[in-house]
Amino acid sequence: MPTQAAAPSGAAALLARPETPVPVAALLEVGVLDELTAVGALVEDISRAHPVWRVRLADGRRLVVKAGIGHGGPDLAVECLVYRMTRWCAPLAAALPAPLLVDEDRQLLVLADVGGEDCRGSLAQQLGFPALIGGAPPTGVLSTTDADALGRSIGALHRATAGFPLPPAPPPLVLALVARPPGSPAPTTLSREVHDTLAALDGRPAVVEAVTELRRPVTGCLVNHDLKWDNVVLSGPGRDPVLLDWELAGSGDPAWDLGCLLAEHLVRLPSPGPDVPGPVTGLDGASRALLDGYAEGARPRPAIAATLARRVVLSAGLRIGQLALEVAYTPQAGDGDAAARLTDRAESVLLAHTRLTQEVLGCLS
């Protein structure tokens, strides 16, 4: 007499259920969760450019699951490499979420949720996005204490990884697209808004000169290459800075990382009116605290301090220009004139580079 196959049980049964969330199924498969701890798991999709989920377990633990190729996301090989480096690079371990699973074959990262129960989101979410984008003015400012801690963290990371044999980081978007060599074809997949913003950046001599200068290679270290406030969380009672999203990482120019953080301050400087970006005349207190902290962490050699300061200012201006391209690519991110206002602010920073470089050098020396 024919017999019926036994129904799957335990983890296999959970995996077989169509309603099992993807990250829970993945955590069961790799053994991070068992069938008991998986019961009652709550999943929040926090994906942006790639699949990312926050998983809250019944025992109160919170995990972040990040997936790559095979799950609809980018290749996580470089990011996995960075998290493996935390095993022996203390400044890197201090600046990143604790990795609970690093699986290159499955393209899966499982990280401790750095926010904990009182998670308030990234710095950008806490303090507000730049008013130049067209939304409400920022809701807060970064304290000098937090800015100093953030600078020291990234400075120590750069110092600890200087000269490491790492794969090169891909060039920032603005360096890849603006001031292309004569005869190189323009990308054909860009929207009209992006083409218009790119043409506006190409038409600003200060922008083109900065791009040309930053394309010259310099001695590298591990760089995040997307170090914006949206990828920074202040974690725990000590408000320790934690840096997220390392899929664009590699060996690169430390000035770009520091310039990206400085740009977050410069793009938030008050404007005379909603449609007038206004000139950039100097650094605020939090900017100087960021740079002071970086100098303590990185301890740049006096022989390179002037070059580093100049490249930081140029990087800050171009990062604002890149933000203009990003807003143009995602029109819902700002009003119709946001990209133009950001382009004007980028040019204003670059036109003031001599004065700003002296201020930055004073902090880094």
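Residues numbered from 1 in each chain as written. Predicted model: local features only at pLDDT ≥ 70, side-chain atom pairs only at ≥ 80, totals over all residues. Heavy atoms only, no water.

**As for unusual backbone geometry**
Right, on to step 1. Here the phi dihedral of His 225 falls at roughly 70°; this positive angle occurs in a residue that is not glycine.
Right, on to step 2. Checked against the element boundaries, His 225 lands in the loop between β6 (221-223) and β7 (232-235).
Right, on to step 3. Overall, the relative accessible area of 10% leaves His 225 in the buried class.
Right, on to step 4. If you check the backbone angles, Asp 245 has positive phi at about 60° while not being a glycine.
Right, on to step 5. On the secondary structure map, Asp 245 appears in the loop between β8 (240-243) and β9 (250-252). (Helix = DSSP H or I, 4+ residues; strand = E, 2+ residues; numbered from the N terminus. Buried < 20%, exposed > 50% of the residue type's maximum accessible area, 1.4 Å probe, protein only.)

**A closer look at helix α14 (residues 353-364)**
Right, on to step 1. In a regular helix each residue adds 1.5 Å, so 12 residues correspond to 16 Å; α14 covers 16 Å between its end C-alpha atoms and thus fits that length.
Right, on to step 2. Every buried residue belonging to α14 is among Leu 356, Thr 357, Val 360, Leu 361, Cys 363 and Leu 364, and all of these are buried. Down the axis, α14 shows its buried residues gathered within 155° of arc, on one side only. What points out from α14, more than 90 degrees from its buried face, is the exposed set Thr 354, Gln 358 and Gly 362.
Right, on to step 3. Residues of α14 that are buried in the fold lie against α10 (254-266), α11 (285-298), α12 (302-329) and α13 (338-351). (Expected span 1.5 Å × (residues − 1). Arc of directions from axis to C-beta. Contact = heavy atoms within 4.5 Å.)

**Some remarks on the confidence of the model for the protein**
When pLDDT is low, close inspection of the predicted coordinates is not appropriate.
Right, on to step 1. Summary statistics for the protein give a mean pLDDT of 87 and a share of 90% for residues scoring 70 or more.
Right, on to step 2. Note on residues 1-16: pLDDT is under 50 here. Beyond four places in sequence and across chains, it has 12 contacts. (pLDDT = per-residue confidence, 0-100.)

**Here we look at the pattern of salt bridges**
Right, on to step 1. Overall, the coordinates contain 23 salt bridges when judged by the stated rule.
Right, on to step 2. We note a salt bridge from Arg 106 to Glu 29, for which the minimum N-O separation is 3.7 Å. Taken together, the positions of Arg 106 in the loop between β4 (99-103) and β5 (108-112) and Glu 29 in helix α2 (residues 22-30) put the pair 77 residues apart, joining distant regions of the chain.
Right, on to step 3. Residue Arg 106 is classed as partly exposed on the basis of its relative accessible area of 38%.
Right, on to step 4. For Glu 29, a relative accessible area of 52% corresponds to the exposed category.
Right, on to step 5. Arg 152 is paired through a salt bridge with Asp 148; the nearest N and O atoms lie 2.7 Å apart. Separated by four residues within a single helix, Arg 152 and Asp 148 lie in helix α6 (residues 144-161), roughly one turn from each other. (Salt bridge = Lys/Arg side-chain N within 4 Å of Asp/Glu carboxyl O.)

**Remarks on the environment of Pro 171**
Right, on to step 1. With respect to the secondary-structure elements, Pro 171 resides in the loop between α6 and α7 (173-177).
Right, on to step 2. Judged by relative accessible area, which is 57%, Pro 171 ranks as exposed.
Right, on to step 3. Distance in space between the C-alpha atoms of Pro 171 and Arg 215 is 8.6 Å, their sequence separation being 44 residues.
Right, on to step 4. Look past the residues within four positions of Pro 171 in its chain and what remains in contact with it is Ala 176 and His 225.

**What about the layout of surface pockets?**
Right, on to step 1. In this structure, the largest pocket encloses a volume near 1,200 Å³.
Right, on to step 2. If you list the elements that add at least two residues to the lining of the largest pocket, you get α7, α10 and α12.
Right, on to step 3. Looking at the lining of the largest pocket element by element, the count peaks at eight residues for α12.
Right, on to step 4. What the second largest pocket holds in volume is close to 550 Å³.
Right, on to step 5. Breaking the lining of the second largest pocket down by element, the ones donating at least two residues are β2 (52-56), β3 (62-67), α3 (77-85) and β5.
Right, on to step 6. For the lining of the second largest pocket, the per-class residue count stands at 11 nonpolar, seven polar and eight charged. (1 Å grid on protein atoms, 1.4 Å probe; cavity = no way out; pocket = protein on both sides within 12 Å on 5 of 7 lines; lining within 4 Å. Points joined across faces, edges and corners; volume = space filled by probe spheres on them. Nonpolar A, V, L, I, M, F, W, Y, C, P; charged D, E, K, R; others polar.)

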